[in-house]
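# Architecture and fold: a report
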Amino acid sequence: MKESLIILKNVKKTYKVGEQEFSALDGVNLKINQGEFVVILGPSGAGKSTLLNLLGGMDKVTSGSIKIGENDIAKYNDKQLTNYRARDVGFIFQFYNIMPTLTVEENVALIKDVTDTNKKVEEVLKSVGLLKHAKKFPSELSGGEQQRVSIARAVMKNPKILLCDEPTGALDSKTGADVLKLLKKQADNDTTVIIVTHNSLIAEVADRIIRIKNGKVESNETNKHPKNIEEVKW
Amino acid sequence: MLYKKMFRDMKKNLSSFITIFLMIMIGIMAYSGIEAYMDGMKETADKFYKENNLQDMIVYGQNFSDNDLKTIKNIQNVKNVERKLSVTGITDNDKTLLINFIESNDISKFYVVKGKGFEKDAKGVWLDEFYAKENNIKVGDKILVKYEEISLKEEVLGLISVPDHLYDVRDESELYPDRKEFGFAYLSINEIPEDYIKSKVMKEMNIQDKNIFDTYLKDFNYKDYIVYNSIMIDVEDKSKRDIVKNEIEDKLKNALAITNVEDTLSYVTYQGEIDEGKTYVGVFSGLFLFIAMLSVITTMTRVVKNQRTQIGTLKALGFSNGKVLFHYIGYGFWISILASIAGLFLGYYFIGTTFINLEMSFFEIPNGHPEMNISSYIVAILSILIVAIITYITGRSILKENPAETLRNKVPNVKGKSLNITKNKIFSKLSFSTIWNIRDVIRNKIRTFMAIAGVTGCCMLIVCALGMLDSMNYFVKLQFKTLYNFNYKLNISENITKSDLNTLYKKYGNHTSKTLNIEIKDKRGNRKSNNIFVTDADNYVRFVDNKNNLISKPKDNGIFVTYKLAQTEKYKIGDKVTWHIYGDNNYYTSKIIGFNKDPQNQNITMTRKYLENLNINYNPDTIYTNVNLSNIKEIKNVETIQNIKALKDGMEGMLSMMKTMLVLIISIAILLGSIIIYNLGILSYTEKEYQFATLKVLGFKDRQIKKIFIKQNNWVAIISIIIGLPLGFYLTDWLFKTAIEEHYDFAASITLQSYLISAIGTFVISYIVSKILSHKINNIDMVTSLKGNE
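Cut-off values and rules
Residues numbered from 1 in each chain as written. Chains lettered and ligands numbered in written order. Predicted model: local features only at pLDDT ≥ 70, side-chain atom pairs only at ≥ 80, totals over all residues. Heavy atoms only, no water. Helix = DSSP H or I, 4+ residues; strand = E, 2+ residues; numbered from the N terminus. Buried < 20%, exposed > 50% of the residue type's maximum accessible area, 1.4 Å probe, protein only. Contact = heavy atoms within 4.5 Å. Areas by Shrake-Rupley, 256 points an atom, 1.4 Å probe, with all protein chains shown as cover. Buried area = accessible area lost by both parts, 1.4 Å probe. Salt bridge = Lys/Arg side-chain N within 4 Å of Asp/Glu carboxyl O. Polar contact = N/O pair within 3.5 Å; in protein donor to acceptor, adjacent residues only side chain to side chain. Nonpolar A, V, L, I, M, F, W, Y, C, P; charged D, E, K, R; others polar. Axes fitted to C-alpha atoms, helices over the stretch in contact; angles between N-to-C directions. Parallel < 35°, antiparallel > 145°, perpendicular 65-115°, else oblique. Left-handed = near helix turned anticlockwise from the far one by under 90°. Pairing = 2+ DSSP bridges. Expected span 1.5 Å × (residues − 1). Core = buried A, V, L, I, M, F, W, Y, C linked by side-chain atoms within 4.5 Å. Patch = residues over 30% accessible without salt bridge, like charges linked within 9 Å, V, L, I, M, F, W, Y side chains within 5 Å.

The next point concerns the overall build of chain B. A tally of helices and strands in chain B yields 23 helices and 21 strands. Looking at chain B residue by residue over its 790 residues, the buried ones come to 56%. When contacts within chain B are restricted to residue pairs at least 6 apart in sequence, long-range pairs at least 24 apart make up 80% of them.

See below:
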């Protein structure tokens, strides 16, 4: 049995909107194992993205702890969080967030500026099928290709955790399936992949399905029979 | 990699970065250019004065002997002395030459442009280079110079510039040197014919027969009888000149006036030009820089803010705040470094050189060149720092947020309260576009303020540049139409006899004046040089009050003091002024009975009768006449004939030089103004693109959306014009009152036409730029614009 890589204990996150406080997460407890392919489902405003941001060290908890391995990142200061993001986490966004003025290979190589990695840009690009587009600018690529750049960039740092916010949200179903295959491949290589999505079909291929509603974990189930991506009817 | 990103981002946002580049470049170009020009003026003169040993003091008088020279030389602190005989001569083609006969040339040495340097035994003339150029005279040519009965045909040995002749006019009423008609020449004292001196001495001794003279004065040496009328003094320590002055006054009874070189016309005029320029540096270039920097700050802030999502992404990828900040500071840093270098380069070579060359056509000084001032480098560095700091502050404010927040697009902060005012009844009657724009302005106060500040500054500069020309034209009118009410001014020879003077009166009338060089002693005993204009010219020379209304000349019981002098010295009507004429140690006390305004000369005026009541002899130096002298080139006992039209033309010549400079300033103002309007227009357009796209989706026609966009820019232009016009007036007035030389009394007088040109010009530029920008609305891609804002 795999070890728990991520353990959340009573995580709360509140935002102030004007005079009022708004609770985005209200006492979330979770355990996620290393190498798991996790899908977090929930309606808009449920707190999915907030949870993802907290896991990625992009936001700070109001209370509670988030243990990544032995370390509680909830206690990290800004500098430690920066190092954590640089070393351990890869992000994939719905709208790709790749640098429009860098070429494909440069976007991926950018990671070398923040962390030491033994991965080679060429190999990573090859693994996501973008080698022939290496010299192109993002504007010359399709949405799916741009998302693959985003994956390549995340993979380049060989992260412990890959956090994906609606990675297929802006893609058609076929391209979305291709992207998922790449993400699944990362999980197979022992990277913990956490996907936040509205799309419940993605959950069918997940190892674990977490449902969130009104800032609370509604369910946290292990998918005993995850499907192959090809088996899902998109 | 981030460098690559930076340069590509710049390329992608080329128009923004080009405008930032241009604004910094123009701002620094204007500042460093005018500074280099002013410093160049100063350095060029300082070098020229030093290398050519400009005299420190001049003693004016009559008949300075060898002993007088020795006496002065023996005074402590005197390093060297040289005497000269300066007279006004006429050439064979009726040009006027100030002829200087000299014994040596160690003080105020020639700068030889062409030909050879001074040699006492050389036979020939060293001629004013500018005069020679204007009259096409070359080294080796022969010119004929006449002075009294002497007629000298001399070969031109050299073309020269001399440090005490940077600015030469026949008469102080001429403001612009007429190099074609007036110049200076130097000859060795040996060139004065012995016969001429001999005949003069014979005349003075009342001896008619040469033989008798020769018998009577066997050891006659004509050189002992040359009447030197000035001595140039070089001192060891300038600060002790007063001691030297007092000793000369005690020991040399024939010294009529002793002047420090700083009080001579050539020096004062040149220095005045530098002082004037210093204020321009502060005002024009400061304003240019200020307007440019305002706009750069706004643009840079927007550029960084537009990178918000990318900043968030970089943070999410693990880039440290420092690294991200450093990266974004680079955007402003590199562009401002390049722009500063270009600005310094163009400032020096374009503005500095152009202005210096213009000045060097006015002042006769060799090797004029701009001089880069340390303050230009400081301003350039400060500009770079300001841009970097602004980028830092903007970047830091974004980086303060956590990456999750940064990755979300900032929702425009629409505060309902601030917009409540637009819910009033009056507003409900306004059109959609008007209300939309009012709300947009309320929401974007800083952007609107910056736009108004930028356009106001440009409008001010245009008003000021045109206003300076208007004011100068007004001055010409006041001086040559209101105050001078004559056609010709005859400068009478110094030693004219009474009968010769009467002959002149008969021919040209007896409207005369005399200028007395005086020293005023204040209550603390300090003495200041000034002059008294003694009028016996009736209506030929008139007077005005502070509002330029004609007033009568002073009565015979006191003096008029000019307003500016009264202001400087805090004189009131009824106060008494103590003064003495140079060369006469008797002090007089005169009561101030009125004030008059004189745009050119801040002095004292009195009537002939008042002067005579003080028991001072009135022997006029000027006759004013309306007799037609257009065909007369020479009048006996008259040194120069000045035509009022020529004086006016001279003044207009100076104005034309000024025009060139002002055209340059206006061009820069228009260029800068257009760039600022375009730049702020782009910013405002970019911020509204999403809303315009939404309006397009809703079915608004391009024409309607353009109207909304142009309307706000028009408002900005109109408000800026309303603020800019009066500010332009105050700027001009301030410039005239503070920058102009002390002896002038100018005020801004701007015509309606100039206000209209400035207002219409500013509006048209703004409208054209808005029109060009509004074409972008045709090409709004609704899908991309709306999606990009998600």
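Still to come is the rest of the account.
This next bit is on the overall build of chain A. Regarding its fold elements, chain A presents seven helices and 10 strands. Counting across all 234 residues of chain A, residues that qualify as buried make up 54%. Across chain A, every contact between residues at least 6 apart in sequence was considered, and the portion connecting residues at least 24 apart equals 70%. Looking at chain A as shown, the accessible area adds up to about 10,700 Å², and 45% of this sits on carbon and sulfur atoms.

Quick look at the interface of chain A and chain B now. Chain A puts 24 residues into the contact, and the matching count from chain B is 25 residues. Carbon and sulfur atoms make up 63% of the area that chain A and chain B hide from each other, which totals about 2,200 Å². It is Met58, Met99 and Thr101 of chain A that lose the most area in chain A upon contact with chain B, and together they represent 24% of the buried surface on that side. Where chain A packs against chain B, one counts two salt bridges. Linking Glu106 of chain A and Arg8 of chain B is a salt bridge whose minimum nitrogen-to-oxygen distance equals 2.2 Å. Our count for the chain A to chain B interface comes out at six residue pairs in polar contact (both at pLDDT 80 or more). Secondary structure elements with two or more residues in the side of chain A that touches chain B: helix H2 (78–88) and helix H3 (104–109) of chain A. Here the residues of the side of chain A that touches chain B are counted per class, giving 13 nonpolar, five polar and six charged.

Residues and elements named next belong to chain B. For the pair helix H1 (residues 2–12) and helix H10 (residues 321–360), interaxial distance at closest approach is 10 Å and the crossing angle is 50°. Considering their axes alone, H1 and H10 lie oblique with respect to each other. Relative to H10, H1 is oriented so that their crossing is right-handed. Here Leu2, Tyr3, Lys5, Met6, Asp9 and Met10 of H1 lie close against H10, whose contacting residues are Phe326, His327, Tyr328, Gly330, Tyr331, Trp334 and Ile335.

Residue and element names in this part refer to chain B. With respect to burial, strand S9 (residues 230–235) is a largely interior element, six of its six residues being buried. Because side chains alternate across S9, one face comprises the buried residues Ser230, Met232 and Asp234, and the other comprises Ile231, Ile233 and Val235, equally buried. When strand S1 (residues 57–61) meets S9, the two strands line up antiparallel, connected through four bridges. Of the residues in S9, the one forming a bridge with Tyr60 is Ser230.

Okay, helix H5 (residues 143–156) of chain A next. Taking 1.5 Å of rise per residue, the 14 residues of H5 of chain A would be expected to cover 20 Å, and the 20 Å separating its terminal C-alpha atoms lies within 8% of that figure. The buried fraction of H5 of chain A is high, at 12 of 14 residues. Listed in full, the buried residues belonging to H5 of chain A are Gly144, Glu145, Gln146, Gln147, Val149, Ser150, Ile151, Ala152, Arg153, Ala154, Val155 and Met156 of chain A. Looking at the buried residues of H5 of chain A, the elements they touch are strand S6 (89–92), H3, helix H4 (121–127), strand S7 (161–165) and helix H6 (173–188) of chain A together with helix H9 (308–317) of chain B. Within two residues after H5 of chain A, Asn158 of chain A carries a phi angle of roughly 50°, on the positive side.

Residue and element names in this part refer to chain A. A sheet is described by the order of its strands in space; here six strands give the open sequence S6-S7-S8-S3-S9-S10, paired in mixed fashion. Looking along the sheet, the strands with just one partner apiece sit at the ends: S6 and strand S10 (216–222). Ignoring which end each strand starts from, the neighbouring axes of this sheet average 15° apart. H5 rests against S6 and S7 of the sheet, and its axis sits at about 175° to S6.

Before going further, it helps to examine unusual backbone geometry. In this structure, Glu166 of chain A takes a positive phi of about 45° despite not being glycine. Along the chain, Glu166 of chain A turns up in the loop between S7 and H6. One non-glycine residue, Asp94 of chain B, adopts positive backbone phi at about 65°. Inspection of the secondary structure puts Asp94 of chain B in the loop between strand S2 (78–91) and strand S3 (96–102).

This part is about helix H5 (residues 194–205) of chain B. It helps to recall that an α-helix has 3.6 residues per turn; residues three or four apart then point in one direction. Residues and elements named next belong to chain B. Over its 12 residues, H5 runs 16 Å from end to end, which matches the ideal 16 Å to within 8%, given 1.5 Å per residue. All of the buried residues along H5 are Tyr196, Ile197, Lys198, Val201 and Met202. Backbone geometry just after H5 places Asn206 at a positive phi near 60°.

Quick look at the packing of helix H2 (residues 14–51) of chain B against H10 of chain B now. All names here are of chain B. Where H2 meets H10, the closest approach of the two axes is 5 Å, and the angle between their N-to-C directions is 35°. Of the two elements, H2 crosses H10, and the hand of that crossing is right-handed. When grouped by side-chain class, the residues that make up the contact of H2 with H10 number 24 nonpolar, eight polar and one charged.

A word on the pattern of salt bridges. Between side chains of opposite charge, pairing is possible as soon as their charged atoms come close. Residue and element names in this part refer to chain A. Applying the stated rule across the entire model yields 29 salt bridges over all chains. Close ionic contact of Lys60 with Asp78 constitutes a salt bridge, the shortest N to O distance being 3.0 Å. Of this pair, Lys60 sits in the loop between helix H1 (48–55) and strand S4 (63–68) while Asp78 is found in helix H2, placing the two residues 18 residues apart along the sequence. Classification of Lys60 as partly exposed rests on a relative accessible area of 38%. A residue is classified by how much of its surface remains accessible, and Asp78, at 48% relative accessible area, is partly exposed.

Let's shift gears to the nonpolar core. Side chains of nonpolar character tend, in soluble globular proteins, to be buried together. With 173 residues, the main nonpolar core has Phe37, Leu183 and Ile195 of chain A together with Tyr270, Met300 and Phe692 of chain B as its most contacted residues. Per-element tally for this core: the top contributor is helix H20 (residues 644–697) of chain B, with 20 residues. Residues contacting Tyr270 of chain B, with those up to four places away along its chain left out, are Met41, Lys42, Thr44, Ala45, Tyr49, Leu166, Met360, Phe363 and Ile365 of chain B. Listed in part, the 48 residues of the second largest apolar core include Ile99, Val156, Ile207 and Ile233 of chain B.

Residue and element names in this part refer to chain B. Taken together, the side chains of Ile374, Tyr377, Ile378, Ile381, Leu382, Leu385, Ile386, Ile389, Tyr392 and Ile393 make up a nonpolar region of the molecular surface, amounting to roughly 920 Å² of accessible area. Along the polypeptide, Ile378 turns up in helix H11 (residues 374–399). Judged by its relative accessible area of 45%, Ile378 falls in the partly exposed class.

This part covers the pairing of strand S13 (residues 527–536) of chain B. Within a regular strand, the side chains alternate between the two sheet faces. Residues and elements named next belong to chain B. Across the 10 residues that make up S13, a large majority, seven, are buried. As paired elements, strand S12 (residues 511–521) and S13 share 10 bridges and run antiparallel to each other. Pairing of Lys514 across the sheet is with Val534, part of S13. Hairpin connection of S12 to S13: five residues between the antiparallel strands, including Gly525 at a positive phi of 90°. Here four bridges tie S13 to strand S19 (residues 604–607), and the two strands are oriented parallel to one another. Note that in S19 the partner of Thr535 across the bridge is Thr607.

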